[in-house]
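# Per-entry structural report
Chain by chain, the residues:
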Amino acid sequence: MTVEAEEAGPMPGQRKRKRRQRDEGQRDAARFAPGTGRWEVLFETQDASDWLAHIRRLRVSDTRIDWTAVRMDTFCGRLVHPTTYRLSLFVPAPDEDPCQGTSDSRPL
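As a starting point, this report considers the structure included with it. Just so we're clear, the structure is a prediction, and the values are computed from it rather than from any experiment.

### Regarding the pairing of strand 3 (residues 84-92)
- Direction of pairing for strand 1 (residues 37-45) relative to strand 3: antiparallel, over a ladder of 8 bridges. Directly across from Glu44, in strand 3, lies its bridge partner Arg86.
- As judged from the 6 bridges shared by strand 2 (residues 70-75) and strand 3, these two strands associate in the antiparallel manner. Within the sheet, the bridge partner assigned to Arg71 lies in strand 3 and is Ser88.

### Topic: the pattern of salt bridges
- Counting across every chain of the model gives 4 salt bridges.
- Across the salt bridge formed by Arg86 and Glu44, the nearest N and O atoms sit 3.2 Å from each other. Of this pair, Arg86 sits in strand 3 while Glu44 is found in strand 1, placing the two residues 42 residues apart along the sequence.
- Given the relative accessible area of 23%, Arg86 is considered partly exposed.
- Judged by its relative accessible area of 42%, Glu44 is partly exposed.
- The residue Asp73 makes a salt bridge to Arg71 at a minimum N-O spacing of 3.1 Å.

### Quick word on the sheet that holds strand 3
- Judged by pairing direction, the sheet is antiparallel, and its 3 strands sit side by side in the order 1-3-2 without closing on themselves. Lying at the two open borders of the sheet, with one neighbouring strand each, are strand 1 and strand 2. In this sheet, neighbouring strand axes are inclined to one another by 30° on average, regardless of whether the strands run parallel or antiparallel.
- On the sheet, helix 3 (residues 48-61) packs against strand 1, strand 2 and strand 3 and is oriented at approximately 30° with respect to strand 3.

What counts, and at which threshold
Residues numbered from 1 in each chain as written. Predicted model: local features only at pLDDT ≥ 70, side-chain atom pairs only at ≥ 80, totals over all residues. Heavy atoms only, no water. Pairing = 2+ DSSP bridges. Helix = DSSP H or I, 4+ residues; strand = E, 2+ residues; numbered from the N terminus. Salt bridge = Lys/Arg side-chain N within 4 Å of Asp/Glu carboxyl O. Buried < 20%, exposed > 50% of the residue type's maximum accessible area, 1.4 Å probe, protein only. Axes fitted to C-alpha atoms, helices over the stretch in contact; angles between N-to-C directions. Contact = heavy atoms within 4.5 Å.

See below:
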């Protein structure tokens, strides 16, 4: 890289791309923040081939799954515990009606 290229600053479009990635990260952090819902385990196995086959089947057969709200975890095993693969889906908390649950909201 030449000195002129280093002094020129970031590549064209790089600032916009970094800003978009930061904004998406903040949006995801707010979407999956504690208290907004829970992670529900869909599938768990210790066999990597079963894991991949199950994900492929789900992608084809279950069109209701929002794949932006899916978490795929790999818990690395050691001598005592084998490696475990887990697929979890984020389930948003139900919206509570502000009129329900308080003693002041009873009809007259």
